[in-house]
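The chain contents come next:
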Amino acid sequence: MTASQINVLFVVSEVYPFIKTGGLADVAGALPQALLAEGVRVVTLTPGYPSVIDALPAGETIHEFPDLFGGPARLIHGQAKGLELIVIDAPHLYRRHGGPYHGPDGKDWADNALRFGALSLMAARIGGGEIAAFKPDVLHAHDWQGGLAAAYLRYGYEHGPRTVITVHNLAFQGLFPSSFMHLLKLPPESYSIEGVEFHGEIGFLKAALALSDRITTVSPTYAAEIRTPEFGMGLDGLLRVRTERLTGILNGIDYNVWNPATDPLIAANFDARRIAPRIANKAVLKEKMKLETADKLLFGVISRLTWQKGLDMLVAVLPTLLATGAQLIVLGTGERALERGFMDAARIHEGRISCVIGYDEELAHLIQAGADALLMPSRFEPCGLPQLCALRYGTLPIVSRVGGLADTVIDCNEMAVAEGFGTGVQFTPTVGMLEAAILRTTALWRNQRVWRRAQRNAMAADVSWRRPARHYAELYRELLAERRR
Ligand code: ADP
Ligand code: GLC
């Protein structure tokens, strides 16, 4: 093992605070800084969406390409918000109004294969040593969008960096018709079971899982789950074959963004030694959300409203939740039917249930600081970040026992409470078990001494990036040592 600096190229399609649709952006925004402390320099390659280009006004052009899948492109290198970035400025691919993956009409961009094929190809060219400004030892792609980088390297270069793919969500696989082979400039021999082919299509994530030196995912439990047909989404067979190369490393949260002692977005700051001021946050939150003022157990939800997150099960158990006397705040956006379900409930049960449809970071902080418990009934959850923020803010996470939720919350069962260990509640994700979890949470709440102890335990848990960063640094070192042998 050497103490010398390791150079890593992150390949990622969203980075907080420039552009975000989910937890992937949070990871990309915070992990590089934590890795610096471990002797790892990360340069992040990301598409030049308008908000990203705007963030790099003083960036330097380090390379120009006359044609990148149908138009000119250049690579811009610069620093922003403590991150070192290489941005692909390719106006024909990225300079548009809408999200990173969808147009304003909510439909996938029709040329996503090329948009993220270009991200992968640029990654491979940097990885292959063609760009003087940065020659990485390790190319670390995140999710399917950078997945083809491993294929471009395997089929186009004799020598290259070691490669890592991190799976943040196996549900998104980047599948495209085989007719894109030519447009993506993939050699015909790569269209095979060992390469990019997946059930008659091109699989971006499949290619990375087959061809990368290491596979990681964002929790140890998810790493085990995805090797089973139940959670493997058709890729479990390949993941079983590659078991020796697959590990789980938990996510952390950015302590600069999520710190109840200094958070400027909440009404009253607090910490593990002084939890009492939380009550002021609860009062402000309830007033803002027009909830009745009597002190009731207040559940919060901060989530994408999709099947993954299991919130249809929460709609189904609202009568039980209301019967206990509890209150509920939902902040989220996603599937129309779920949005309507929560909006209807809020209208019918005014003062008891409140709902904000949309993305609102400030409100997310206030919910973390003012709610008593945070509900996450996910059907599957690679890691999950809101439960980590909840722990840090003394909001007890009530979570299904899957993926990263299983790995980060300690259930307040009888024994854990007796021994003074618990930090939340876990349940099997079914309607019946969610109902039981709500009843158990209510019982815990009635014993404020036990509740306070659980809050203290929660707030004492280390959910920073320190430990995960150390694991990633170890993984990079192992990989580089393998090459030297
Ligand atoms: P996923 O990426 O699957 O959506 P994660 O739990 O990894 O789930 O990350 C979700 C991130 O997005 C967290 O930082 C969470 O606080 C945030 N978030 C989700 N929905 C909203 C919302 N409606 N408003 C504000 N923040 C949200
Ligand atoms: C994905 C997963 C989520 C995870 C996030 C960041 O969006 O759904 O569980 O926390 O990626 O790794």
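Residues numbered from 1 in each chain as written. Chains lettered and ligands numbered in written order. Predicted model: local features only at pLDDT ≥ 70, side-chain atom pairs only at ≥ 80, totals over all residues. Heavy atoms only, no water.

1. Thoughts on the nonpolar core
One finds L45, L68, L75, L148 and L184 to be the most contacted residues of the largest nonpolar core, which totals 97 residues. If one sorts the elements of this core by residue count, helix 4 (residues 112-127) sits on top with 10 residues. The two domains that each donate at least three residues to this core are domain 1 (6-252 + 466-484) and domain 2 (278-460). By size, the runner-up hydrophobic cluster in this structure holds 49 residues, among which are L321, L328, W445 and V450. (Core = buried A, V, L, I, M, F, W, Y, C linked by side-chain atoms within 4.5 Å. Buried < 20%, exposed > 50% of the residue type's maximum accessible area, 1.4 Å probe, protein only. Helix = DSSP H or I, 4+ residues; strand = E, 2+ residues; numbered from the N terminus. Domains from an automatic or database assignment.)

2. Observations regarding the site of ligand 2
Around ligand 2 sit 13 residues, and of these H168, N251, E381, C383 and G384 come closest. One nitrogen or oxygen atom from the side chain of N169 is found 3.4 Å from an oxygen atom belonging to ligand 2. Between ligand 2 and the protein, one listed contact pairs an oxygen atom with a backbone N or O atom of P382 at 3.5 Å. Look at ligand 2: alone it shows 310 Å² of surface, and the protein chains cover 92% of it. (Near = heavy atom within 4 Å. Polar contact = N/O pair within 3.5 Å; in protein donor to acceptor, adjacent residues only side chain to side chain. Areas by Shrake-Rupley, 256 points an atom, 1.4 Å probe, with all protein chains shown as cover.)

3. Looking at the confidence of the model for the protein
In the predicted model, the protein carries a mean pLDDT of 97, and the fraction of residues at 70 or more is 99%. The element-level mean pLDDT for the protein is lowest in helix 20 (residues 466-484), coming to 94, with strand 16 (residues 373-376) highest at 99. (pLDDT = per-residue confidence, 0-100.)

4. A few points about the site of ligand 1
Every one of the 17 residues lining ligand 1 counts as a neighbour, but G23, D26, R304, K309 and G358 are closest to it. Contact distances for ligand 1 include 2.8 Å between an oxygen atom and a side-chain N or O atom of D26. Here an oxygen atom of ligand 1 sits 2.6 Å away from a polar atom, N or O, in the side chain of R304. Coverage of ligand 1 by the protein chains reaches 91% of its 560 Å² of free accessible surface.

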